[in-house]
Amino acid sequence: RRARRRCGPAAMLSPDEIVTIQTVSVFVSVLSMLGSAFIVAAYFRYTHLRKFAFKLVCILSVNDFLNQIGDFLLPSSEVLADVSDPSGGPLCQAQSWMESFFEISSPMWTTAIAATLYMSVIQRRSSDAIEGSFKYMVLVCVGLPLLLTVIPGALGYYGVAGAWCWIAEAHSEWRLYQFFLPLLACILFNGFVYFRVVCAIRETVRATEEGSGGARDPAAQQMRLVVGRLLRYPLILVIVWFFAMVNRATEAASGQSIFWLYLLQKLFSSSQGFLNALAYGFSAGVQEAVSADIALLCPCLVGGGGAEPLPSPAGAPGFRGG
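Structural notes, computed from the coordinates.

Cut-offs applied
- Residues numbered from 1 in each chain as written.
- Predicted model: local features only at pLDDT ≥ 70, side-chain atom pairs only at ≥ 80, totals over all residues.
- Heavy atoms only, no water.
- Helix = DSSP H or I, 4+ residues; strand = E, 2+ residues; numbered from the N terminus.
- Buried < 20%, exposed > 50% of the residue type's maximum accessible area, 1.4 Å probe, protein only.
- Contact = heavy atoms within 4.5 Å.
- Salt bridge = Lys/Arg side-chain N within 4 Å of Asp/Glu carboxyl O.
- Patch = residues over 30% accessible without salt bridge, like charges linked within 9 Å, V, L, I, M, F, W, Y side chains within 5 Å.
- Areas by Shrake-Rupley, 256 points an atom, 1.4 Å probe, with all protein chains shown as cover.
- 1 Å grid on protein atoms, 1.4 Å probe; cavity = no way out; pocket = protein on both sides within 12 Å on 5 of 7 lines; lining within 4 Å.
- Points joined across faces, edges and corners; volume = space filled by probe spheres on them.
- Nonpolar A, V, L, I, M, F, W, Y, C, P; charged D, E, K, R; others polar.

**Section: the overall build of the protein chain**
Looking only at helices and strands, the protein chain features twelve helices and two strands. Along the protein chain, helices and strands appear, N-terminal first, in the series α-α-α-α-α-α-β-β-α-α-α-α-α-α. Out of the 322 residues in the protein chain, the part that is buried amounts to 45%. Looking at the protein chain alone, contacts between residues at least 24 apart form 77% of all its contacts between residues at least 6 apart.

Laid out in structure tokens, this is it:
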């Protein structure tokens with residue numbers, strides 16, 4: 001017997017459209033899991049990289065890896081379109097809990113990385129002082145997402161949310177409280193921190209060049225590379241979640257689900273682990289360590305005059321925590 005179509009926005013997506021969105025989600029999630037797994041493997045493989053900054057990056061990667069597992073908990077398109085069970089069943093509930101916790105925990109761990117950079121570059125705190133703040137980072141980056149996950153779960157608000165499971169359509173206002181407002185706070189905090197850090201590094205570059213009489217200074221050139229890279233970090237959260245914000249806002253305003261917006265939302269949100277791995281994990285230290293391993297295994301693949309390693313927050317001047 002054919003399942004009745006759900007009343008409300010979710011009814012606007014056909015079973016074929018849902019399957020297409022799920023397929024894209026799984027494919028991109030695999031890439032994200034591979035990127036996250038590489039960073040975790042590098043952390044345990046290269047003991048000299050196990051400093052505080054890279055520890056946070058490793059935790060972020062583990063979080064992203066677990067987050068992508070939720071994308072593999074795929075309720076069928078019939079379940080997502082069945083109006084007789086708004087909760088979507090056990091698999092749907094499991095996906096809802098995982099999506100809720102890990103998707104907000106990941107942005108919060110990026111703020112922990114930004115806060116570490118701020119304490120090092122701006123406040124000039126010692127490594128011990130920075131590492132002493134770890135317990136507070138755990139409290140915020142784990143405790144707050146857990147609280148925001150448990151509240152709607154305890155109220156029975158989880159269920160079908162379009163092409164996947166999250167906070168159900170009937171309680172869509174909780175999506176703002178649980179996810180989008182904390183996400184906006186993370187974006188603003190990261191933007192503020194990296195703006196301050198970039199300004200500080202530029203001042204250092206200016207002073208260095210003035211001290212050398214305007215001559216080209218290798219240290220200044222390296223710091224310019226760092227600035228260029230740091231300017232991109234705050235954009236990651238915006239890129240990953242822009243279409244999610246547009247999609248849910250459009251859905252709330254029009255009462256309609258638009259297939260291509262759902263597709264773009266899942267395409268970019270599922271890439272969070274991959275983009276975080278590229279941005280935060282592939283530091284100069286990781287690249288050098290991997291290159292050394294490759295040189296040992298196959299010297300013919302490593303030639304001289306390679307490209308300059310990409311800078312990362314851990315490579316920023318004064319970033320003693322990493």
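Further notes follow.
**Regarding the pattern of salt bridges**
Side chains that differ in charge, positive against negative, can pair when their charged atoms come close. Enumeration over the complete set of coordinates arrives at six salt bridges. One salt bridge connects D71 with K266, and the closest N-O pair in it is separated by 3.1 Å. A residue pair is termed long-range when its members are at least 10 positions apart, and D71 in the loop between helix 2 (52-69) and helix 3 (77-81) and K266 in helix 10 (residues 259-269) qualify at 195 residues. The same class applies to D71 as to K266, namely buried. Notably, a salt bridge pairs K266 with E99, separated by 3.7 Å at the nearest N-O pair. Of this pair, K266 sits in helix 10 while E99 sits in helix 4 (residues 89-121); the two residues are 167 residues apart in sequence, bridging distant segments of the chain. For the pair shown, K266 and E99 are each scored as buried. Members of the salt-bridge network, linked through shared partners, are E169, R175, R248 and E251.

**Some remarks on a nonpolar patch on the surface**
There is a patch of nonpolar side chains on the surface, built from F27, V30, L31, L34, F72, F274 and L278 and spanning about 620 Å² of accessible area. When residues of the nonpolar patch are traced back to their parent elements, those giving at least two are helix 1 (15-45) and helix 11 (272-281). The greatest single-element share of the nonpolar patch, amounting to four residues, is contributed by helix 1. In this structure, L34 sits in helix 1. With a relative accessible area of 56%, L34 lands in the exposed category.

**Observations concerning empty space enclosed by the protein**
Within the structure shown, the criterion is met by four cavities of 30 Å³ or more. Quantified by volume, the largest cavity comes out at close to 90 Å³. In terms of lining residues, the largest cavity is bounded by E99, E103, W164, W166, F179, F180, W241, A244, Q265, K266 and S269. Secondary-structure elements contributing two or more residues to the lining of the largest cavity are helix 4, helix 7 (173-211), helix 9 (233-254) and helix 10. With three residues, helix 10 is the largest single contributor of residues to the lining of the largest cavity. Of the residues contributing to the lining of the largest cavity, the split by class is six nonpolar, two polar and three charged.

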